[in-house]
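# Descriptive analysis of the structure
Now for the letters of each chain:
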Amino acid sequence: MTTSQIFNVTILRRAALDACFKFDPRQQVRNPVMLVVTLGALLTTGTVFTHLFTGESIQFEVHIALWLWFTSYFGNLAEAFAEGRGKAQADSLKKTRSDAQAKVIKDGQTVIISAAELHKGDTVICEANDMIPGDGEVIEGIASVDESAITGESAPVIRESGGDRSAVTGGTRVISDRILIRITAEPGESFLDQMIHLVEGAQRQKTPNEIALNILLITLTLVFLLAVVTLKAFTGYSESVTNLAQSDVTLPVLIALLVCLIPTTIGGLLSAIGISGMDRLLQKNVLATSGRAVEAAGDIDVLLLDKTGTITHGNRMASGFICAPGIPEKQLAYAAALSSLADETPEGRSIVSLATEQYGIDIKKSDTYTFIPFQAETRMSGVDEKGTSTRKGAADSIFAHIEKQGGRISETLKKQVKEVAHRGSTPLVVSQNQQILGVIELKDTVKAGIKERFMQLRSMGIRTIMITGDNPLTAAAIATEAGVDDFMAEATPEDKLKRIRSEQEKGHMVAMVGDGTNDAPALAQADVGVAMNSGTQAAREAGNMVDLDSNPTKLIEVVEIGKQLLMTRGALTTFSIANDVAKYFAILPALFGGIYATGTPTGPLSQLNIMGLASPQSAILSAVIFNALIIVCLIPLALQGIPYRPMKAESILKRNLLIYGVGGLIAPFIGIKAIDLALNTLGIF
Amino acid sequence: MAIHEGLQLLFYFGLLIALIPILGNYMAKVLSDQTTWLSPVIGPLEKGIYRLTGIDPQASMSWKTYSGSLLLFNGLGILTVFGLQIGQSWLPLNPEHVQVNIWVALNTAVSFVTNTNWQAYAGEAEMSYLTQMLGLNTQNFLSAATGLCVFAALTRGLAAQQKKELGNFWRDLVRSVLYILLPLAIVLAVALVSQGVVQSMAPYETLTTLEGAQQIIPKGPAASQIAIKQLGTNGGGFFGVNSAHPLENPTPLSNFLQMLSLLLIPAALCWTYGKMVGSIKQGTVLLYVMFIVLFASLAVALWFEYQPNPALGITQNWEGKETRFGIMNSVLWANNTTAASNGSVNAMHDSFNPLSGMVLLLNILFGEVIFGGVGAGLYGMLMFVIITVFITGLMVGRTPEYLGKKLEAFEIRLAALAVVLPSAFILIFSAVAVLTPSGLAGISNAGPHGLSEILYAFSSQANNNGSAFGGLTASSPFYTLLGSIAMLAGRFGVILPALAIAGHMATKKSTPASAGTFPTDGFLFASVLIGVIVIVGALTFFPVLTLGPIAEHLLMLNGKVF
């Protein structure tokens, strides 16, 4: 996102108007700090009107009132602006949710109805150029789909039945081929609807840290309210001791002091920070179901990733057949192809096509075959035909299967399996009855640049654990190549769940990245579950975030945004409080100037005017103007978040303290002096 | 400052620091219910007390039960001390037939139970020996022990792993008194008697002075009370002028011992804390923070006290100081006693130069967390720690964690309450005092100094320090009543949030540290913590301090004094 995008003129114009409506008391009550400012502005305006009646001078009071209204308005503007950017996104999303037509199959017949009438469980057909009418799962066929409406990515993606790329989203368009889709969402609850709700910020709930910070800000506001109210009494005492006829400490002046002291900078920008966080996440093409999840992402210290499709490209392809001693290659290839005939996974298909390519094997499906589908327990699949049972599966499960039938496994074979695994490939063993025919080598490649990304995670304090169904040897080879900290081999869905629970027991915050249906329980259990958009519908529903780009290391960006949210709030709070020192030095000498004066118009306390501000009025007004303008100046920072770099926590703190703490101490001295000079030059005071 | 004074300063802090680990480890054993080398002697006595009172020392309490027991016990304490004062005319051990009015009695009862030991009374003129011993001196032990109980409960809560209970209040109370306070007090009392501190039940003596005038010499069981007044950060003197009185603090050595015992327990508790949460560094970092602020305030106070006063044309400020102690020992004591919520004095704070007086006031306004009261200083400091961890946690982009436990809205709300509640009472009551005739009637000096007197009085009471600036007539119903309220709020308004936080934190799981975790035992954290303490105190009170001591200082430079 560039700066020009932040300051989109249309959004700005809309925000400027929306900000006016935020003076609505019901909205103001939600932000107590800014409510105090608005009430202060009202009271000061009241003073102006009473002065009109009594004939006292109003010039100073009008200026104060005006700038107090601006202060409150700028806070509203920041919020309206952040919301405006979300609304603009929502509008473009709504356009895609046009009234699409759906071709529903009912009782074997195709009926055309409106997409809004679709219900869960309906089956629809989509052909080239059809808009997919609702969220669902591909149950038959393969198609290329244009998902640019939700991801902004124009290159079409493949969606196919079976496997982990079966989910389709309503509002996207089929470009080629024909697919059957089972609808999985009721109208109004679809992915797109959720997205629109989220970016509109309509149901934005405060996150836990935001609530805690709000409490602190309210407490500070109360303390300063007390300090200012009691100040009237203390100055009253001092003035009476000095025998001053007229007090400088008037209501507008006290209100000005109060508004300058309470943390208006963070108060005015607080909700804008939260809204823009969600917004930035969406710009990274990640959809979070709640702000809470984003904040939790900042705390993650353990990341579990499913290997396939995340660390590796995920399309494991058969790359060769390795025969057991005494078995001809063609026999192995035939058996491998036979056992994969009903296997709709990409791996299964790749085995069939490798057999066809290399050995010209072409088997037709026939009724004599009984297909044994893959089961998580046996971890085998295959075919039974006229007393011959052909199986393929993970080495240990086939070995166990053979041994159970009294077969024997040769050492050569075990060595062959190991060699394949050592190469980081996946060995699948093929057997026929009690005999092992050989090994199919499935090759998968680790994604480029993934090692660097894991390094980055490590420096953020996040430990990565790779989960894979592979045997320990393959897993270790890939783990080393990818640079993960730990791995879990031969993991079942229960193992994943157990591992997450045990990490959580130890007090870790766990993120899980996955895409398959068997990842769903783990995604739901993890503190942050990121589902790939390319994954199954079950996975997408179980997680609390969906990555539209299906890029597993996207978690880095999510973590960054989570951290930025907190850092921005913390830094602006520190800045806000640090500002108070300079404001005291601007306003107090102006209030106390006459106290304990003997013979001269100014007393000893005017020595505190270390900035050399021109007059009491210009000093107070300068502080108020600075306080208002700083909100506007920091809107871009609130929207973009302060930059996060993976460093040790201490270095981050040092840096932020220096910029926002020390900077916050110094900046207002310069700012207030400059405004005071400007006011004088312009001849206002 | 002379060389021998500098050497004494070094020796004083050197000895204090050397004693910290020894006493700290010992107290950790006592408060973790382990056997100590005193167990063979005290153990049977401890068991006897449990049997006699029917306390089950093993019954662990939730934070609510713990707080309830504590409130009940302290409530009874207030009633007892109040009753003893009102009834002292009819009770034994009142050879001088002294009497006290009901307002002062109320204020005194609250004052001693809350470990404030603000003295609206003059001991020798208003309190019988029985009241002093059974009421005031007993509370000197019990109020300090109460502070230790809250400290122990909070520490256990922070260290616990998913528990609901914080320990047993009665057991903590009994063990604190028997194993920590009594043995130390006995040793110190004997040492003080050796220096000539009076310990007698005889009536006052009338002497003829060298000038031929008649002088009444007050007596009483002073040494035993002074020992615990220093050790328990109580500070309420046996005599009206406290440790400036020659029979309460006769020699430089008695002065040295009293100053040492004044900081001893609060300082050693930091070590105890580290020991009990399983990381000494977590405790010593708090000790560093306390020492840094203490040294800074001591340096400023010494600097201004050794400055010439242009208005009076004097080179050093000797007003209100005892010549047997000198300026350095008076400033050191004053700085320690205001930092450590003790409140005993060996010089009159009222007479300090305006800015050194402001340093003393600031020590109190920081919330009595720089050493502070026994137990109270550390649990107060932990409230600041929670606020600091929250801010720093946000700034490093992680949900704030202390000792591996997440801080949530619940903790922030209560810690913020505990931090600002005393300040709120100081500001409101001081404002009421300058607005009302009964408030203004109390002040004896004009202008900014009068304002400082009022501010000091309410700061001292709301933060349970108990020292007096002097000059203010604090025995009127107005000051005694508002003072009582301030003391109660300042004590229990921190204790209850601290215990609630303890209860809530105890149930949490602790997260192992990672590279993203911000360490709370390093120099950087210490600096931020100091920043938070100073900034919260300074920002809240800067306006009124400007009208008080700062204005007075500027006027003094112009040759005008009050």
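Our subject is the structure listed above.
Here's a quick rundown of the structure.

Each value, and the rule that gives it
- Residues numbered from 1 in each chain as written.
- Chains lettered and ligands numbered in written order.
- Predicted model: local features only at pLDDT ≥ 70, side-chain atom pairs only at ≥ 80, totals over all residues.
- Heavy atoms only, no water.
- Helix = DSSP H or I, 4+ residues; strand = E, 2+ residues; numbered from the N terminus.
- Contact = heavy atoms within 4.5 Å.
- Buried area = accessible area lost by both parts, 1.4 Å probe.
- Polar contact = N/O pair within 3.5 Å; in protein donor to acceptor, adjacent residues only side chain to side chain.
- Nonpolar A, V, L, I, M, F, W, Y, C, P; charged D, E, K, R; others polar.
- Phe/Tyr/Trp six-rings, centres within 6.5 Å; stacked < 30°, edge-to-face > 60°.
- Buried < 20%, exposed > 50% of the residue type's maximum accessible area, 1.4 Å probe, protein only.
- Pairing = 2+ DSSP bridges.
- Axes fitted to C-alpha atoms, helices over the stretch in contact; angles between N-to-C directions.
- Lys, Arg positive; Asp, Glu negative; His and termini not counted.
- Salt bridge = Lys/Arg side-chain N within 4 Å of Asp/Glu carboxyl O.
- Core = buried A, V, L, I, M, F, W, Y, C linked by side-chain atoms within 4.5 Å.

Take the side chain of Gln-258 of chain B next. With respect to the element layout, Gln-258 of chain B can be found in helix α9 (residues 252-277). Sequence-distant contacts of Gln-258 of chain B, defined by excluding residues within four places in its chain, comprise Leu-192, Ile-226, Lys-229, Gln-230, Ser-243, Glu-248, Asn-249 and Trp-333 of chain B.

A word on the interface of chain B and chain A. Between chain B and chain A, the residue contacts involve 58 residues of the former and 59 residues of the latter. Across the chain B/chain A interface, buried area totals approximately 5000 Å², and carbon plus sulfur atoms make up 77% of it. Its largest share of buried area at the contact with chain A, chain B owes to Met-395, Leu-539 and Leu-547 of chain B, together 15% of the area lost on that side. On inspection of chain B and its partner chain A, the count reaches nine residue pairs in polar contact (both at pLDDT 80 or more). For the side of chain B that touches chain A, the secondary-structure elements that each account for two or more residues are α13 (376-395), α14 (409-435), α16 (447-462) and α18 (523-557) of chain B. Sorting elements by how many residues they give to the side of chain B that touches chain A places α18 of chain B first, with 14 residues. The residue inventory of the side of chain B that touches chain A, partitioned by class, reads 38 nonpolar, 15 polar and five charged.

Quick look at the packing of aromatic side chains now. Residue and element names in this part refer to chain B. Considering all chains together, one arrives at 29 aromatic pairs over all chains under this definition. Seen in terms of ring centroids, Phe-13 and Phe-291 are 6.3 Å apart; in terms of plane orientation they differ by 80°. Their pairing is edge-to-face. You can see Phe-13 sitting in helix α1 (residues 3-31) and its partner Phe-291 sitting in helix α10 (residues 280-305), a full 278 residues away along the chain. Each of the two residues, Phe-13 as well as Phe-291, counts as buried. Feature note: the residues Phe-11, Tyr-12, Phe-13, Phe-256, Phe-291, Phe-295 and Phe-371 constitute an aromatic cluster, connected by ring pairs.

We now examine the sheet that holds strand β13 (residues 380-385) of chain A. Residues and elements named next belong to chain A. Read across the open sheet, the six strands follow the order β11-β16-β15-β14-β13-β12; overall the sheet is antiparallel. Each edge of the open sheet is held by one strand with a lone partner, namely β11 (317-323) and β12 (370-372). Averaged over all pairs of adjacent strands, the angle between their axes in this sheet comes to 20°, without regard to strand direction. Judged from the five bridges that link them, strand β14 (residues 388-394) and strand β15 (residues 426-432) form a sheet pairing that is antiparallel. When the sheet's bridge partners are listed, Arg-391 is paired in β15 with Ser-431. In this fold helix α15 (residues 395-404) packs onto β13, β14, β15 and β16 (435-443), with an angle of close to 145° to the strand it touches most, β14. Taken strand by strand, helix α16 (residues 411-422) contacts β11, β15 and β16, and its axis lies near 5° from that of β16.

All names here are of chain B. Its location among the elements puts Asp-350 in the loop between α11 (326-339) and α12 (354-365). At 11 Å, Lys-321 is the nearest oppositely charged side chain to Asp-350, a buried residue that forms no salt bridge. Among the polar contacts listed, one links the side chain of Asp-350 to the side chain of His-449, at a separation of 2.5 Å. If we ignore the near neighbours within four places in the chain, the residues touching Asp-350 are Asn-445, His-449, Glu-453, Phe-469, Gly-470 and Gly-471.

Time to look at the nonpolar core. If you look at the biggest cluster of nonpolar residues, it comprises 327 residues, and the most contacted ones within it are Met-545 and Leu-591 of chain A together with Tyr-273, Leu-286, Phe-371 and Met-381 of chain B. Per-element accounting of this core gives the leading share, 20 residues, to helix α22 (residues 555-592) of chain A. Once residues lying within four places of it in the same chain are set aside, the contact partners of Tyr-273 of chain B are Phe-151, Thr-155, Leu-158, Gln-282, Gly-283, Leu-286, Leu-378, Leu-382, Tyr-402 and Leu-403 of chain B.

With a phi angle near 50°, Asp-107 of chain A is a residue other than glycine that sits in the positive phi range. With respect to the secondary-structure elements, Asp-107 of chain A resides in the loop between β1 (101-106) and β2 (109-114). Judged by its relative accessible area of 80%, Asp-107 of chain A is exposed. Even without being glycine, Asn-464 of chain B reaches a positive phi, approximately 60°.

Residues and elements named next belong to chain A. Using the criterion set out here, one finds 31 salt bridges over all chains in the structure. Residue Arg-458 pairs with Asp-485 through a salt bridge whose shortest N-O separation is 2.7 Å. With Arg-458 in helix α17 (residues 450-459) and Asp-485 in the loop between α18 (472-482) and β18 (486-488), this residue pair connects regions lying 27 residues apart in the sequence. On the accessibility criterion, Arg-458 (34% relative accessible area) is partly exposed. The partner of Arg-499 in a salt bridge is Glu-503, and the shortest N-O contact between them spans 3.1 Å. Of this pair, Arg-499 and Glu-503 both sit in helix α19 (residues 493-505), separated by four residues, roughly a single helical turn. Ionic contacts of the salt-bridge type, sharing partners, join the residues Lys-103, Glu-127, Asp-130 and Arg-178 into one network.

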